[in-house]
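Each chain, letter by letter, is given below.
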Amino acid sequence: LESYGEMVRVSFYQKTAWQSLLILLAALTAGLIFNHLRANGIPLTADWSPEARMVSASGHSLVIPTEEARQAHAAGQALFLDARSQEWFEMGHIQGARNLPPEEIEGLFAQVLGDVPPDRLIVTYCDGEDCDLSYDLALALMERGFTNVRVLINGWTVWREAGLPVEEGRS
Amino acid sequence: MTRFRIIYLLLRLALGGIFIYASLDKILHPAAFAEIIFNYQILPGALINLTAIVLPWLELVIGLLLVFGIFMPGAAALTGLLLTVFWASLLFNLARGLDIDCGCFSTQSAGSASMAWHFIRDSVFLIMGLALFILVLKRDKLSSSKEVA
């Protein structure tokens, strides 16, 4: 009797396994064929790196290399915008940066950027490889007519690790 | 036995309906769904688009099989597996404090709905899925022993 119970169990799990495999194959086939035939299909693989994702509406990359950002900072050519929340900004930010979280741009725009000409080089940053706040801010600024906006990926970490000038408190 | 049968039927229809409903918006908007998978920050970039293409169809196929009661061992096992993966992904991001749109049913941003609420809801689905698999296993044993008798 015990061995019979064992047999039933084995056949159940075998059935589960081959049925699962068939279902997976059916979904894979249906998904690939449908994606191929439809008008808004997507490529099977895509580049999800920050460099590839952070592009302007017209498709050119907004990413600024750290060295270029450092030079612009040292020469006083760029306005740095910290896209993180006010708490994080006050705990430490790139020297001379102003704070503008993208979700607060409606209320703070005039106060933070009222005196900035639209062709001024603006470098947005936040913290972390995958932080999109800086990119969201850059897009919002370009929508408002700024023509020279770049994104420093993982800016706060990169800046500190390079030993570049930082400061604390409100701007 | 009858009570079991009713619970079994209800679980099948509920989970099947949930899976079919969840698949439709994702099938319609693959690019938006890929963006949501990316936001989970779990899969490597190379697998994101393929997952966005295939996963909604897997949900649809499983949902249909559950509703019609076909291929139940396989469909119920995959239901449990998928719900476990969804649940663990949400838990993982809840634990590391990443606020993401869950993309559970829609590729639109959920807005104010909280991660915690998504997690509780997913927990209920997971319990339903595991219960269904146990019932399928029990039914299989019963029907096998009947054949012999």
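Model, not experiment: these values are computed from the prediction.

The rules behind each value
- Along each chain, residue indices are assigned from 1 in the same order as the chain's sequence is written.
- Chains and ligands are labelled by the order in which they are written, letters from A for the one and numbers from 1 for the other.
- Per-residue local features are limited, in this predicted model, to residues with pLDDT of at least 70; the limit for side-chain atom pairs, both in listing and counting, is 80 or more; totals at the level of whole chains, interfaces and linings are taken over all residues.
- Side-chain metrics rest on all non-hydrogen atoms present in the structure, leaving aside hydrogens and water.
- In DSSP terms, a helix is any run of H or I states spanning at least four residues, a strand is any run of E spanning at least two, and both are numbered starting from the N terminus.
- With a 1.4 Å probe rolled over the protein chains alone, any residue whose accessible area is under 20% of its type maximum counts as buried; one over 50% counts as exposed, and the rest are partly exposed.
- Per-residue and other accessible areas were derived by the Shrake-Rupley procedure at a 1.4 Å probe size, with only the shown protein chains allowed to occlude residues.
- A patch consists of residues exposed above 30% relative accessible area that lack any salt bridge, with like charges linked at up to 9 Å and nonpolar side chains (Val, Leu, Ile, Met, Phe, Trp, Tyr) linked at up to 5 Å.
- The rule for a salt bridge is simple: a side-chain nitrogen of Lys or Arg has to be within 4 Å of a carboxyl oxygen of Asp or Glu.
- For this text, the term disulfide refers to a pair of cysteine sulfurs within 2.5 Å.
- Counting rule applied: Lys, Arg positive; Asp, Glu negative; His and chain ends not counted.
- Every charge is mapped onto a representative atom, which is NZ of Lys, CZ of Arg, CG of Asp or CD of Glu.
- Among the buried residues, those of types Ala, Val, Leu, Ile, Met, Phe, Trp, Tyr and Cys that are joined through side-chain atoms within 4.5 Å form a nonpolar core.
- Residue contacts are defined here by distance: any two heavy atoms, one from each residue, within 4.5 Å place the two residues in contact.
- Pairing between strands requires that DSSP locate at least two bridges from one strand to the other.
- By definition, the crossover connecting two strands over a helix is right-handed if that path, from the first strand to the second, turns clockwise as seen with the strands pointing away from the viewer.
- Directions from the helix axis toward the C-beta atoms define the arc.
- As a rule, the C-alpha atoms of each element are fitted with a line to give its axis, helices using only the stretch in contact, and angles between N-to-C directions run from 0 to 180 degrees.
- Each angle receives one of four descriptions, namely roughly parallel if under 35 degrees, roughly antiparallel if over 145, roughly perpendicular if within 65 to 115, and oblique otherwise.
- Take the far helix as the reference: if the near one is turned anticlockwise from it by less than a right angle, the crossing is left-handed, and if turned clockwise, right-handed.
- Nonpolar residues are Ala, Val, Leu, Ile, Met, Phe, Trp, Tyr, Cys and Pro. Charged residues are Asp, Glu, Lys and Arg, and all others, Gly as well, are polar.

1. Some thoughts on the overall build of chain B
- For chain B, the helix and strand inventory stands at five helices and zero strands.
- Element order for chain B, N to C, with α for helix and β for strand: α-α-α-α-α.
- Buried positions account for 47% of the 149 residues belonging to chain B.
- Taken as a whole, chain B presents about 7,400 Å² of accessible surface, with 72% of it coming from carbon and sulfur.

2. Things to note about a nonpolar patch on the surface
- Taken together, the side chains of Trp18, Leu21, Leu22, Leu24, Leu25, Leu28, Leu32 and Leu44 of chain A together with Leu43, Leu47 and Leu50 of chain B define a hydrophobic patch exposed on the protein surface, amounting to about 910 Å² of accessible area.
- Ranked by the residues each element gives to the nonpolar patch, the list is headed by helix α1 (residues 2-37) of chain A, at seven residues.
- Within the secondary structure, Leu47 of chain B sits in helix α3 (residues 45-68).

3. Considering unusual backbone geometry
- Unusually for a residue other than glycine, Asn154 of chain A sits at a positive phi of about 55°.
- Structurally, Asn154 of chain A is set in the loop between β5 (149-152) and α7 (155-161).

4. A word on the pattern of salt bridges
All names here are of chain A.
- Here the structure, examined in full by the defined rule, presents nine salt bridges over all chains.
- Residues Arg84 and Asp82 are paired through a salt bridge, measuring 2.7 Å at the closest nitrogen-oxygen approach.
- Among the ionic pairs, Arg170 bridges to Glu90, the shortest N-O distance being 3.6 Å. Of this pair, Arg170 sits in the segment after β6 (166-167) while Glu90 sits in helix α4 (residues 86-91), placing them 80 residues apart in sequence.
- The exposure class assigned to Glu90 is partly exposed, which follows from its relative accessible area of 26%.

5. Description of the state of the cysteines
All names here are of chain A.
- Considering all chains together, one arrives at one disulfide over all chains under this definition.
- With a sulfur-sulfur separation of 2.1 Å, Cys126 is cross-linked through a disulfide to Cys131. Between Cys126 and Cys131 the disulfide shows an S-S torsion of about -125°. By sign, it is left-handed.

6. Things to note about a negative patch on the surface
- Together, Asp47, Glu51, Glu129 and Asp130 of chain A line one region of the surface with negative charge.
- Structurally, Asp130 of chain A is set in the loop between β4 (121-125) and α6 (133-143).

7. As for the nonpolar core
- Grouped together as the largest cluster of nonpolar side chains are 45 residues, with contacts concentrated most on Ile23 of chain A together with Leu58, Ile62, Leu66, Met72, Leu132 and Val136 of chain B.
- Per-element accounting of this core gives the leading share, twelve residues, to α3 of chain B.
- Residues within four places of Met72 of chain B in sequence aside, it is in contact with Gln19 of chain A together with Tyr8, Arg12, Leu65, Leu66, Ala77, Leu132 and Val136 of chain B.
- Among the nonpolar cores identified, the runner-up in size contains 23 residues, and Leu100, Ile105, Ile122 and Ala138 of chain A belong to it.

8. Things to note about the pairing of β5 of chain A
Residue and element names in this part refer to chain A.
- Residues Val149 and Val151 point to one face of β5 and Arg150 and Leu152 to the other, with burial holding for every one of them.
- Here four bridges tie β4 to β5, and the two strands are oriented parallel to one another. Within the sheet, the bridge partner assigned to Thr124 lies in β5 and is Val151.
- This β-α-β element, β4 to α6 to β5, shows right-handed connectivity.

9. Side note on helix α3 (residues 66-74) of chain A
Residue and element names in this part refer to chain A.
- Along α3, the positions that sit buried rather than exposed are Ala69, Ala72 and His73. End-on, the buried residues of α3 take up no more than an arc of 100°, which puts them together on one face.
- Looking one or two residues past α3, Gly76 carries a phi angle of roughly 70°, positive in sign.

10. Examining the environment of Ala34 of chain B
Residue and element names in this part refer to chain B.
- Looking at where Ala34 falls in the secondary structure, it is placed in helix α2 (residues 30-40).
- Residue class for Ala34 comes out buried when judged on its relative accessible area of 3%.
- The spacing of Ala34 and Leu50 is 16 residues in sequence and 8.7 Å in space, taken between C-alpha atoms.

11. Regarding the packing of helix α1 (residues 2-28) of chain B against α3 of chain B
Residues and elements named next belong to chain B.
- Following both chains from N to C, one finds α1 and α3 inclined at 155°, their axes separated by 7 Å at the closest point. Relative to α3, the element α1 lies roughly antiparallel. Regarding α1 and α3, the two cross each other, and that crossing is left-handed. In contact with Arg12, Leu13, Leu15, Gly16, Gly17, Phe19, Ile20, Ala22, Ser23, Leu24, Lys26 and Ile27 of α1, α3 contributes Pro56, Trp57, Glu59, Leu60, Ile62, Gly63, Leu64, Leu66, Val67 and Phe68.
- Of the residues in the contact of α1 with α3, the class split is 15 nonpolar, four polar and three charged.

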